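Residues per chain are reported as follows:
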Amino acid sequence: MEVAILGTGYVGSVTGACLAEKDHSTTLVDIEAWKVDLISRGKAPIEEEGLDSIIEETVRNGTLRATLDLGKAVSRAEVVLLCLPTPPHEDGSANLDFVFGAAKELGSLIRPETVVATRSTIPVGTTRKVGKILSEAAGFEVKVANNPEFLAEGTAVADTRKPSRIIIGTDFPEADQKLRVLYHSFVDESQRILTMDPLSSEMSKLFANGILASDITFSNIVAEICEQVGADFTRVREGAGFDPRIGKFTKAGPGYGGSCFPKDTRSLAAIAKEVSINSMLLDEITEVNSYMQHRIARKVKRAFEGETLVNKTIAVLGLSFKAGTDDIRESPAITLVNDLTNEGARVVAYDPKALEEEVRKKLEGNDLVDFAKNKYAAAEGADALVIMTEWGEFSTLDLNHLAQIMSSKTIIDARHMLKLGSVRGQGFYYDAVGRPLINERQA
Ligand code: UGA
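What counts, and where the lines are drawn
Residues numbered from 1 in each chain as written. Predicted model: local features only at pLDDT ≥ 70, side-chain atom pairs only at ≥ 80, totals over all residues. Heavy atoms only, no water. Pairing = 2+ DSSP bridges. Helix = DSSP H or I, 4+ residues; strand = E, 2+ residues; numbered from the N terminus. Polar contact = N/O pair within 3.5 Å; in protein donor to acceptor, adjacent residues only side chain to side chain. Contact = heavy atoms within 4.5 Å. Axes fitted to C-alpha atoms, helices over the stretch in contact; angles between N-to-C directions. Near = heavy atom within 4 Å. Areas by Shrake-Rupley, 256 points an atom, 1.4 Å probe, with all protein chains shown as cover. Nonpolar A, V, L, I, M, F, W, Y, C, P; charged D, E, K, R; others polar. Phe/Tyr/Trp six-rings, centres within 6.5 Å; stacked < 30°, edge-to-face > 60°. Buried < 20%, exposed > 50% of the residue type's maximum accessible area, 1.4 Å probe, protein only. Expected span 1.5 Å × (residues − 1). Salt bridge = Lys/Arg side-chain N within 4 Å of Asp/Glu carboxyl O. Parallel < 35°, antiparallel > 145°, perpendicular 65-115°, else oblique. Left-handed = near helix turned anticlockwise from the far one by under 90°. Patch = residues over 30% accessible without salt bridge, like charges linked within 9 Å, V, L, I, M, F, W, Y side chains within 5 Å. Core = buried A, V, L, I, M, F, W, Y, C linked by side-chain atoms within 4.5 Å.

### Describing the sheet that holds strand S13 (residues 410-413)
The seven strands are arranged S11-S10-S9-S12-S13-S14-S15 in an open sheet whose pairing can be described as mixed. Looking at the sheet topology across the chains shown, the edges are occupied by strand S11 (369-371) and strand S15 (438-439). Note that strand S9 (residues 313-317) and strand S10 (residues 346-350) share five bridges and pair parallel. Counted as the bridge partner of Leu 317 is Tyr 350 from S10.

### Digging into the side chain of Asn 95
With respect to the secondary-structure elements, Asn 95 resides in the loop between strand S4 (79-82) and helix H5 (97-107). Polar contacts involving the side chain of Asn 95 include one to the main-chain amide nitrogen of Asp 97, which spans 2.9 Å. In this structure, Asn 95 is in contact with Pro 85, Thr 86, Pro 87 and His 89, ignoring residues within four places of it in sequence.

### Topic: the sheet that holds strand S7 (residues 166-170)
Strand order in the open sheet formed by eight strands is S3-S2-S1-S4-S5-S6-S7-S8, with mixed pairing between adjacent strands. Each of the sheet's edge strands pairs with one partner strand only, and the pair in question is strand S3 (64-67) and strand S8 (193-196). Pairwise comparison of adjacent strand axes, ignoring direction, gives a mean angle of 25 degrees for this sheet. As paired strands, strand S5 (residues 115-118) and strand S6 (residues 143-146) are joined by four bridges and run parallel to one another. Bridge pairing in S6 links Val 116 to Val 144. Here helix H8 (residues 173-183) sits on the sheet and contacts strand S1 (2-6), S4, S5, S6, S7 and S8; the angle it forms with S7, its principal contact strand, is near 165 degrees.

### Considerations on the site of the ligand
With respect to spatial proximity, 19 residues lie near the ligand, and among them Glu 149, Glu 153, Lys 205, Asn 209 and Lys 251 are the closest. Leu 151 has a polar backbone atom sitting 3.0 Å from an oxygen atom of the ligand. Contacts to the ligand include Phe 321, whose backbone N or O atom sits 3.2 Å from an oxygen atom. When isolated, the ligand has an accessible area of 710 Å², and the protein chains bury 90% of it. If you list the elements that add at least two residues to the shell around the ligand, you get helix H9 (198-229) and helix H11 (261-274). If you tally residues by element for the shell around the ligand, the top one is H9, at three residues. Here the shell around the ligand is built from residues that sort into nine nonpolar, three polar and seven charged.

### Topic: the packing of aromatic side chains
Scanning the entire structure with this criterion turns up three aromatic pairs. With a centroid separation of 6.1 Å and an interplanar angle of 40 degrees, the aromatic rings of Tyr 183 and Phe 186 are classed as tilted. Neither residue differs from the other here; Tyr 183 and Phe 186 are each classed as buried. Between Tyr 256 and Phe 261 the ring centres are 5.9 Å apart and the planes differ by 90 degrees, which places this aromatic pair in the edge-to-face class. Here Tyr 256 and Phe 261 have matching classes, each one buried.

### What about H11?
For H11, with 14 residues, the first-to-last C-alpha span of 20 Å sits near the 20 Å given by 1.5 Å per residue. A large share of H11 lies buried, amounting to eleven of its 14 residues. Directly after H11, the chain includes Ser 276, whose backbone phi takes a positive value near 55 degrees.

### Comments concerning the pattern of salt bridges
In a structure, side chains of opposite charge can pair up when their charged atoms sit close to one another. Considering all chains together, one arrives at 28 salt bridges under this definition. Across the pair Glu 21 and Arg 161 runs a salt bridge whose closest N-O atoms are separated by 2.7 Å. Taken together, the residues Glu 21 in helix H1 (residues 10-21) and Arg 161 in helix H7 (residues 156-161) connect sequence positions 140 residues apart. Measuring nitrogen to oxygen at the nearest pair gives 2.8 Å for the salt bridge that ties Arg 329 to Asp 327. Three or more residues joined by partner-sharing salt bridges are found here, namely Glu 224, Glu 227, Arg 295, Lys 299, Arg 302 and Asp 431.

### With respect to the packing of H1 against helix H3 (residues 51-60)
Here H1 crosses H3 at 50 degrees, and the two axes come no closer than 9 Å. Here H1 is positioned oblique relative to H3, judged by the angle of their axes. Where H1 crosses over H3, the handedness of that crossing is left-handed. On the side of H1, the interface is formed by Ser 13, Val 14, Ala 17, Cys 18, Ala 20 and Glu 21, while H3 contributes Leu 51, Ile 54, Ile 55 and Thr 58. Of the residues belonging to the contact of H1 with H3, the class tally is seven nonpolar, two polar and one charged.

### Focus on the environment of Ala 44
Among the secondary structure elements, Ala 44 is positioned in the loop between helix H2 (33-40) and H3. Accessibility expressed as a relative area gives 13% for Ala 44, which makes it buried. Here Ala 44 is in contact with Leu 38, Leu 51, Asp 52 and Ile 55, once residues within four sequence places are set aside.

### Description of a nonpolar patch on the surface
A cluster of nonpolar residues, Ile 221, Ile 225 and Val 229, forms a patch on the protein surface that exposes about 270 Å² of accessible area. Mapped onto the secondary structure, Val 229 falls in helix H9.

### Digging into the nonpolar core
Grouped together as the largest cluster of nonpolar side chains are 61 residues, with contacts concentrated most on Leu 6, Val 80, Leu 81, Leu 106 and Leu 179. For Leu 106, the contacting residues outside a window of four places in its chain are Leu 6, Leu 70, Val 74, Val 80, Leu 82, Val 116 and Leu 134. Core analysis: the next-biggest nonpolar cluster, separate from the first, contains 33 residues, Ala 333, Leu 340, Val 347 and Val 369 among them.

### Side note on the pairing of S13
Neither face of S13 is open: one carries Thr 410 and Ile 412, the other Ile 411 and Asp 413, and all of them are buried. Sheet topology note: the strand S12 (residues 384-387)/S13 ladder contains three bridges and is parallel. What sits directly across from Leu 385, in S13, is Ile 411. Note: S13 against strand S14 (residues 429-432), four bridges, orientation parallel. By the bridge assignment for S14, Asp 413 is matched with Ala 432.

None of this, on its own, says anything about what the molecule does.
Okay, here's the thing in structure tokens:
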């Protein structure tokens, strides 16, 4: 099929590359020249496992291209996918200026048979609004659909190649047919392609992310209780997880981050308020998650018995919001760094992927932060070490070596990367989320 994709962020570039890999003639459109340029040279505009090689190959064999020229991209398109950013407003509602602006422009450029689908996460009702804007600009009724993406950063290529399900939310049978043909390249069994009205489709994406975010939040609350009563949440999770009704997505940690859960839970709460529904539980998920993010700095303070953190050096391992990505949007590690430096601590941070330049921008001139080249360089002379992202290399920290190079044998583990058995008996203060405290440190 001839496909045009507007927006080359996570959703657009991965969806486009994977469709091109299945021989759909795909054109990616962006307003930023450097992204178009990168893709045209066969390179990925974002850091994502496996994406570079698909883009390189599909650009080389001609199934994928990128352009700044919207008119050229959509003139022959059978399907146009809108993968545009929807950043949050102050009140949590999604800013749809990019989506509506693009629809206005697009309407006058497409043909009556072109199907336009919204793919980035949007509030309920947006697809029909997009349809109205498109149709007004086009002078005919444009066939619109909602086709939510369910890809997670770090596994985005695998999630797209083998999706758990495809949802097509549309009022137009022609749109359903075209999108089914398109996605049959990824999903053989037609029962995994669901067609519904666009409102239910938009809602199912927000519901999925809401459930997952509340699942993590509930786990974090129980993990904190475990710490107090001396239980180990990793075992508790295992015990509960044997019930097939209980999801596997329940790892306790420093609170969720990223570009999806924080935004989508706030967006769901904003929708509830708009339709005068009690949003207490939804608001509370965001509130508790913020508490969970700030809790890690309190753990650091507790390690020094409430002493001031002025003149203390804290090593922070991991800055991205999760492993497998360089993305630092709403990362709990950034919250921690700010909390620590607000208390006067000096931070030495290390992350295998997150870019120092991007982190510095986020920290807005915070001059108490330095960056180390590796995990041990960060730990050298540190009064405490905090593990914030579950990068594999942090599970192999050599405790003997740390004992030699750190000023104080103090570890805060927000991702339970170390095994309790390997920490016990080593003379460390070890405080992990969801686990009983080990305090063997000598004064
Ligand atoms: C999330 C969803 O998992 C995808 O299904 C969805 O398509 C995507 O949002 C989206 O809306 O586009 P993503 O934000 O990339 O994907 O990352 P996740 O792996 O879901 O992690 C989100 C946050 O939850 C991270 O901060 C992670 O550390 C945290 N998390 C995840 C936990 O604290 N515990 C867990 O068990 C899992």
